[in-house]
Amino acid sequence: MTTSPAESSAPSFAMPEPGRSGRLPEALRRRLHPDPTVRRLAGITLVNTVGNGLSLSVAVLFFTRVLGLSAAQLGFGMTAAGLCGVVASVPAGRAADRWGARRVLVALVSAEAVGTAGYVFVHSYPAFVLLACAVSAVDRGSSAARNALYAEVLPADRRVAGRAHLRVVTNIGICLGTGLGAIALQLDTRAVYLSAILADAVSYVAVAFLLHRLPVAVAAPVAAESRDRAGTPDASGTEGGSGAAARSGTANPSDPVDKGVKQGRRGNPALRDGPFLAVTALCSVLGLQFAVLEVGVPLWIVQQTDAPRITVAGSLVVNTLMVIALQVRATRGTDQRTTAARACRRAGLLLAASCLVLALAHGLPGILAAVVVLAGIALQSLAEVMGQAGGWALSYDLAGERGHGAYQGVFNAGTAAALMAGPALVSTAVIGFGPAGWAVLGAVLAAAGLAMGPAVRWAGRRDARLSAA
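Basis of the calculations
- Residues numbered from 1 in each chain as written.
- Predicted model: local features only at pLDDT ≥ 70, side-chain atom pairs only at ≥ 80, totals over all residues.
- Heavy atoms only, no water.
- Helix = DSSP H or I, 4+ residues; strand = E, 2+ residues; numbered from the N terminus.
- Buried < 20%, exposed > 50% of the residue type's maximum accessible area, 1.4 Å probe, protein only.
- Contact = heavy atoms within 4.5 Å.
- Areas by Shrake-Rupley, 256 points an atom, 1.4 Å probe, with all protein chains shown as cover.
- Patch = residues over 30% accessible without salt bridge, like charges linked within 9 Å, V, L, I, M, F, W, Y side chains within 5 Å.
- Salt bridge = Lys/Arg side-chain N within 4 Å of Asp/Glu carboxyl O.
- Lys, Arg positive; Asp, Glu negative; His and termini not counted.
- Charge placed at Lys NZ, Arg CZ, Asp CG, Glu CD.
- Phe/Tyr/Trp six-rings, centres within 6.5 Å; stacked < 30°, edge-to-face > 60°.
- Expected span 1.5 Å × (residues − 1).
- Bend = angle between axes of the 7 residues up to and from the residue.
- pLDDT = per-residue confidence, 0-100.
- Disulfide = S-S within 2.5 Å.
- Core = buried A, V, L, I, M, F, W, Y, C linked by side-chain atoms within 4.5 Å.
- Axes fitted to C-alpha atoms, helices over the stretch in contact; angles between N-to-C directions.
- Parallel < 35°, antiparallel > 145°, perpendicular 65-115°, else oblique.
- Left-handed = near helix turned anticlockwise from the far one by under 90°.

1. Overview of the overall build of the protein
What the protein contains, in helices and strands, is 15 helices and zero strands. Residues classed as buried in the protein amount to 54% of the 469 residues present. Considering only contacts in the protein between residues 6 or more positions apart, those separated by 24 or more positions represent 82%. Here the protein has roughly 20100 Å² of accessible surface; of this, 65% comes from carbon and sulfur atoms.

Encoded structure:
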């Protein structure tokens, strides 16, 4: 990536260039990302996720023991907050297009710092619900703006790989934050819980400051002879239509996204893009895998198998380590629409296989049940890295180079909807119907993966038709 002069104002955590001697051990330099912008984003991500991991690990006990909420009250408040997050994603994405992703993201992260600190001063249930809704809205909105920011600061052909690197950093940061949270849980005092929440708020302040100093430069154009990811011929009969325009950052008058921006400022172009909405819906279904890992598997282990309860923690460790090890590698080749769709298809089939393997743990002896559960988690983790890589690639590719905020806002709303509805859907299927529920859930996930190819081909036909118009 071509760097800009603005990088001279880089945040203080920016790492030296690999190969520059005298500052870092050689082994550490080799592990740094070669792109300075990705390194800056990684530093910001690490600060953010350490704070998130700390607060997530103590949140339930803070809300129930310090604020005095019942489980039912907490569940209702979190559901209402999740709905607010779904609704907030779309307007936040549009705001990023209008005022700039970095500016909007700094404002939202700053608001999240204030909202997180506000939990310390909550003394009534209505106040908790209102604050939780506000914090969730700015959190999901900031996610949409953050994804749009990646489109602004990273070249199109490196965005997915960059996001994969940041996701690895995310897992590392959450692990570190969770370790700090474990200390807080062990101390188990009101003062420690309040300090953990305030520490998370301070991390948001630091993130807002670092984002404010992040240089935002126009992504360097990619050579015109680069192959079009969509594989759709342009008017000259060569490959290089909308995908080439997407990578170069230039407007293509036949690009439906460009038309949406030029002709449709009255509305959101992503909401009128049928293929994109189909891909968003399918990625949301595949996103149920997170509810499987965080809710379905723990309930299944504890209530429906004889596996030791420590298997719950083991499943999270296996998933985290596999994501850290494989996420970057899983992005290779997803710069083509067809290969990104193929990655999603494989993810759906692997998720279905994982569901069937997890179902087999029912009725097995304890140790054998634990082994089977961990095997199912390994399959799910493979599916997760493939599905995330394919989904990221398609969410950017189908948007072209215009309206990234609008498109990422809609895509993020689908993700937020899956995160909100997933726990209830998965727990009902797993606990209510046992092995048969796992089979049905697996069939749904496999169908979503298999449907991704037709949805992407629909997008290709649409682009070809508009190019010929």
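2. Some words on a positive patch on the surface
A cluster of basic residues, Arg-342, Arg-345, Arg-346, Arg-457, Arg-461 and Arg-465, forms a positive patch at the surface. Relative to the assigned elements, Arg-342 resides in helix α13 (residues 337-360). Here Arg-342 falls in the partly exposed class, since its relative accessible area comes to 33%.

3. Focus: the side chain of Asn-147
Mapped onto the elements of the fold, Asn-147 is located in helix α5 (residues 125-153). Overall, the relative accessible area of 8% leaves Asn-147 in the buried class. Residues within four places of Asn-147 in sequence aside, it is in contact with Arg-163, Tyr-396, Gln-408 and Asn-412.

4. Thoughts on unusual backbone geometry
Even without being a glycine, Asp-188 presents a positive backbone phi close to 55°. Structurally, Asp-188 can be placed in the loop between α6 (159-187) and α7 (190-212).

5. A word on the packing of aromatic side chains
Tallying each qualifying case throughout the model produces eight aromatic pairs. Look at Tyr-119 and Phe-128: their rings are 6.3 Å apart centre to centre, the planes differ by 45°, and that puts the pair in the tilted class. For the residue pair Tyr-119 and Phe-128, the accessibility class agrees, reading buried in each case. Ring centres 5.8 Å apart and planes at 80° place the aromatic pair Trp-300 and Trp-438 in the edge-to-face group.

6. Details of helix α11 (residues 288-304)
In a regular helix each residue adds 1.5 Å, so 17 residues correspond to 24 Å; α11 covers only 20 Å between its end C-alpha atoms and thus falls short of that length. At Gly-296, α11 shows its strongest bend, of approximately 40°, with the proline Pro-298 following within four residues. Taken together, the buried positions of α11 are occupied by Leu-288, Gln-289, Phe-290, Ala-291, Val-292, Leu-293, Gly-296, Val-297, Pro-298, Trp-300 and Ile-301. Packing partners of the buried residues in α11 comprise α6, α10 (274-286), α12 (310-330), α13, α14 (366-397) and α15 (404-468).

7. Here's the deal with the pattern of salt bridges
One pass over the structure, following the stated rule, counts six salt bridges. For the salt bridge of Asp-273 with Arg-462, the shortest nitrogen-to-oxygen distance reads 2.9 Å. Note that Asp-273 is positioned in the loop between α9 (256-263) and α10 and Arg-462 in helix α15, a separation of 189 residues in sequence. The residues Asp-273 and Arg-462 share a single accessibility class, namely buried. A salt bridge links Asp-463 to Arg-337, with the nearest nitrogen and oxygen atoms 2.9 Å apart. Residue Asp-463 is found in helix α15, and its partner Arg-337 is found in helix α13; the two are separated by 126 residues along the sequence. Assessed through its relative accessible area of 4%, Arg-337 is described here as buried. Here the salt bridges do not stand alone but share partners, grouping Asp-273, Arg-337, Asp-397, Arg-462 and Asp-463 into one network.

8. Some details on the confidence of the model for the protein
Within the protein, residue pLDDT values average 82, and 82% of them lie at 70 or more. Ignoring residues within four places in sequence, the model shows residues 1-24, a span with pLDDT below 50, making 48 contacts including any to other chains. In this model residues 218-264 is a low-confidence stretch, pLDDT under 50, and it forms 85 contacts with partners more than four residues away in sequence or in other chains.

9. A few points about α6
Its 29 residues give α6 an end-to-end C-alpha distance of 42 Å, which sits within 8% of 42 Å, the value for a rise of 1.5 Å per residue. Asp-188 sits one or two positions beyond α6 and adopts a positive phi of about 55°.

10. Overview of the state of the cysteines
Inspection of the entire model under this criterion finds zero disulfides. Sulfur of Cys-283: no disulfide; nearest cysteine sulfur belongs to Cys-344 and is 4.9 Å away. Judged by relative accessible area, Cys-283 falls into the buried class, the value being 15%.

11. Comments concerning a nonpolar patch on the surface
Together, Leu-46, Ile-172 and Leu-176 line one region of the surface with nonpolar side chains, adding up to about 240 Å² of accessible area. Note on placement: Ile-172 falls in helix α6.

12. Some words on the nonpolar core
One finds Val-279, Val-297, Trp-438 and Met-452 to be the most contacted residues of the largest nonpolar core, which totals 53 residues. At the level of elements, α6, α10, α11, α13, α14 and α15 are the ones that each hand at least two residues to this core. With 14 residues, α15 is the single largest residue contributor to this core. Ignoring anything within four residues of it in the chain, the contact list for Val-279 reads Leu-394, Leu-398, Met-452, Ala-455 and Val-456.

13. Section: the packing of helix α4 (residues 101-118) against α7
As a packed pair, α4 and α7 sit with axes 8 Å apart at the nearest point and diverge in direction by 165°. For the element pair α4 / α7, the angle class is roughly antiparallel. Handedness of the crossing formed by α4 with α7: left-handed. On the side of α4, the interface is formed by Arg-102, Leu-105, Val-106, Val-109, Ser-110, Glu-112, Ala-113, Thr-116 and Ala-117, while α7 contributes Ile-197, Leu-198, Asp-200, Ala-201, Tyr-204, Val-205, Val-207, Ala-208, Leu-211 and His-212.

14. Side note on the environment of Ala-199
With respect to the helices and strands, the residue Ala-199 is situated in helix α7. Given the relative accessible area of 35%, Ala-199 is considered partly exposed. Spatially, the C-alpha atoms of Ala-199 and Ser-55 are 8.2 Å apart, while their sequence positions differ by 144 residues.

15. Examining the environment of Val-323
Examined against the element boundaries, Val-323 turns out to sit in helix α12. Owing to a relative accessible area of 0%, Val-323 belongs among the buried residues under this scheme. C-alpha of Val-323 to C-alpha of Val-385: the two residues are 62 residues apart in sequence and 6.3 Å apart in space. Here Val-323 is in contact with Arg-167, Val-168, Asn-171, Glu-384 and Val-385, once residues within four sequence places are set aside.

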